[in-house]
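Structural overview for review
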Amino acid sequence: MEQAVVKILLLGICGYGSNYIKEISERDIPGIKIEGICEVVPNAADLYPIIKEQNIPIYQTPEDFYKEHTADLAVVSTPIHLHYSQIVTCLTHGSNVLTEKPVCTSVEGAHKLEQLEKETGKFISVGYQLNYSRDVLALKHDILDDHFGKPIYMKALHAMRRGDKYYARNSWAGHIDVKGCAVNDSPFNNACAHQFQVMTFLLGERLERAAELADVQAEPYKGNPNVDNFDTITVLAHTVSGVPLWYGTGHAIVDKKLGPIAEYRFEKGTVYFGKDFGSGPIAEYVYIGDTGEQIDYGRIPKGERLQKFYDAIEAVRTGKHPVCTVQCAIPHLEAVEKIAKLPIVSIPAEGVEDIREDDDTFHTIVGLHDIFITCYKNREMLSQEGLPGNK
Ligand SMILES: NC(=O)c1ccc[n+]([C@@H]2O[C@H](COP(=O)([O-])OP(=O)(O)OC[C@H]3O[C@@H](n4cnc5c(N)ncnc54)[C@H](O)[C@@H]3O)[C@@H](O)[C@H]2O)c1
């Protein structure tokens, strides 16, 4: 039997959302059609040849699109503060949704979206791509099968410098609030969200659940004086079953990229990401059991780069919910909300070095590279390694 065509609405195609339209343009994905686009950039139709070739209509709002069309799947890649209302519109007009992370801007909103999924019978799949990666899913299966024993702790470090250009790319980057809506944009909520969220995902009691958090402590700092929100942070959270999760991330750092590195300790052994086995760090998950067992998850093909997109299309056809549910997004969102209540410490001017490179300016916290490495080793907070305390 021939498969029905999956009709897709793309919301936001000029930022991260360009990945989806490029994927469709460059790959011959069978049985899909871009039914319409929702985008506010005036010349969007000139940016991707597929739009004119296939005569794809562009609308300013999803409401305008639904006046004339239906869609099986809506892909939301718009600014964070628009997600909630756009997802509601798409679900209530009969579309399933693949939304970029974070699912929305509050835990309360996320619970309402879960309720709306039930009422409409449509799914929301959240775009934390690591959750769809087949090596991560294999690792999660092994954790759920109790192969490693109980989790003892998890930690991860992922920082990357971002300068004035990054923050100037739109009207909400680095902002706490946009027109009264909490955005809480930061490395923890945006560019480096994945390494924290995946720890909660891996510890979820089922494949499509993340571990809930009992508490969240954090030390948010601001190295770049021009940014509204913090740009550097250490976080220590505990899951409800008491597993400590340590995370360090930031943009006010001299390194183009520091990590990601991670270490997940279990009763019987340790899972590493980015461990140096003597010939450089391996950017793959590897389990080393205390009695010598080794599992190299790097051998497992990860799937497509946009596996989340392919899984969402498949889910439309099969009716099976994609793995990253709204619940999988909630513990990370809860941490974002709790951190937003904490005071941000501004690093004094003498502790910040401005670096001019690549036609950009980076405001970097002096010594942060070494401080982060030590904090990671000892699972410490930044103030314990010399940044001004925020207590
Ligand atoms: N999964 C990842 O690794 C990853 C990476 C980067 C960004 N993201 C996520 O992607 C989303 C977008 O981030 P970004 O950095 O591309 O943002 P952006 O602001 O740079 O781009 C968003 C796009 O939405 C469009 N837009 C703005 N208002 C709109 C409206 N009212 N209706 C329709 N379109 C509108 C903009 O013109 C732009 O094309 C965010 O949720 C972000 O967290 C995910």
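Residues numbered from 1 in each chain as written. Predicted model: local features only at pLDDT ≥ 70, side-chain atom pairs only at ≥ 80, totals over all residues. Heavy atoms only, no water.

Moving on: the overall build of the protein. Helices and strands together make up the secondary structure of the protein, namely twelve helices and 19 strands. The globule rule puts the C-alpha radius of gyration for 391 residues at 21 Å, and the 21 Å found for the protein is close to it. With the principal axes as the frame, the protein shows a C-alpha extent of 60 × 50 × 40 Å. A sequence separation of at least 24 residues applies to 70% of the contacts in the protein between residues at least 6 apart. Surface exposure of the protein reaches about 16800 Å², of which carbon and sulfur atoms provide 51%. One finds the centroid of the 39 positive side-chain charges in the protein at a distance of 2 Å from the centroid of its 54 negative side-chain charges. (Helix = DSSP H or I, 4+ residues; strand = E, 2+ residues; numbered from the N terminus. Rg over C-alpha atoms; globule rule 2.2 N^0.38 Å. Contact = heavy atoms within 4.5 Å. Areas by Shrake-Rupley, 256 points an atom, 1.4 Å probe, with all protein chains shown as cover. Lys, Arg positive; Asp, Glu negative; His and termini not counted. Charge placed at Lys NZ, Arg CZ, Asp CG, Glu CD.)

Turning to the site of the ligand, a few remarks are in order. Near the ligand you find 27 residues, and of these Tyr16, Glu39, Lys101, Gln129 and Trp172 are the closest. At a separation of 2.6 Å, an oxygen atom of the ligand approaches a polar backbone atom of Tyr16. In this structure, Arg169 approaches the ligand through a side-chain N or O atom, which is 2.9 Å from an oxygen atom. Alone, the ligand offers 850 Å² of accessible surface; in the complex the protein occludes 84% of this. Of the residues contributing to the shell around the ligand, the split by class is ten nonpolar, twelve polar and five charged. Two domains share the shell around the ligand, each providing at least three of its residues, namely domain 1 (6-126) and domain 2 (130-302 + 325-385). (Near = heavy atom within 4 Å. Polar contact = N/O pair within 3.5 Å; in protein donor to acceptor, adjacent residues only side chain to side chain. Nonpolar A, V, L, I, M, F, W, Y, C, P; charged D, E, K, R; others polar. Domains from an automatic or database assignment.)

With that settled, consider the side chain of Thr234. Topologically, Thr234 is positioned in strand β11 (residues 232-239). On the basis of relative accessible area, Thr234 is assigned to the buried category, the value being 0%. For Thr234, the side chain forms a polar contact with the main-chain nitrogen of Leu382, separated by 3.1 Å. If we skip the residues at most four places from it in the chain, Thr234 touches Gln217, Ala218, Glu219, Trp246, Tyr247, Gly248, Phe372, Glu380, Met381 and Leu382. (Buried < 20%, exposed > 50% of the residue type's maximum accessible area, 1.4 Å probe, protein only.)

Reading across from one edge, β16-β15-β14-β13-β7-β12-β11-β10-β17 is the order of the nine strands in this open sheet, with mixed pairing throughout. Looking at strand neighbours, the two that pair on one side only are β16 (294-296) and β17 (345-346), the edges of this open sheet. Strand direction decides the pairing type here: strand β10 (residues 213-222) and β11, joined by eight bridges, are antiparallel. Looking across to β11, one finds that Leu213 is bridged to Thr239. Where helix α7 (residues 134-144) meets the sheet, its contacts fall on β13 (258-266), β14 (269-276), β15 (281-289) and β16, and the angle it forms with β15 comes to roughly 15°. (Pairing = 2+ DSSP bridges. Axes fitted to C-alpha atoms, helices over the stretch in contact; angles between N-to-C directions.)

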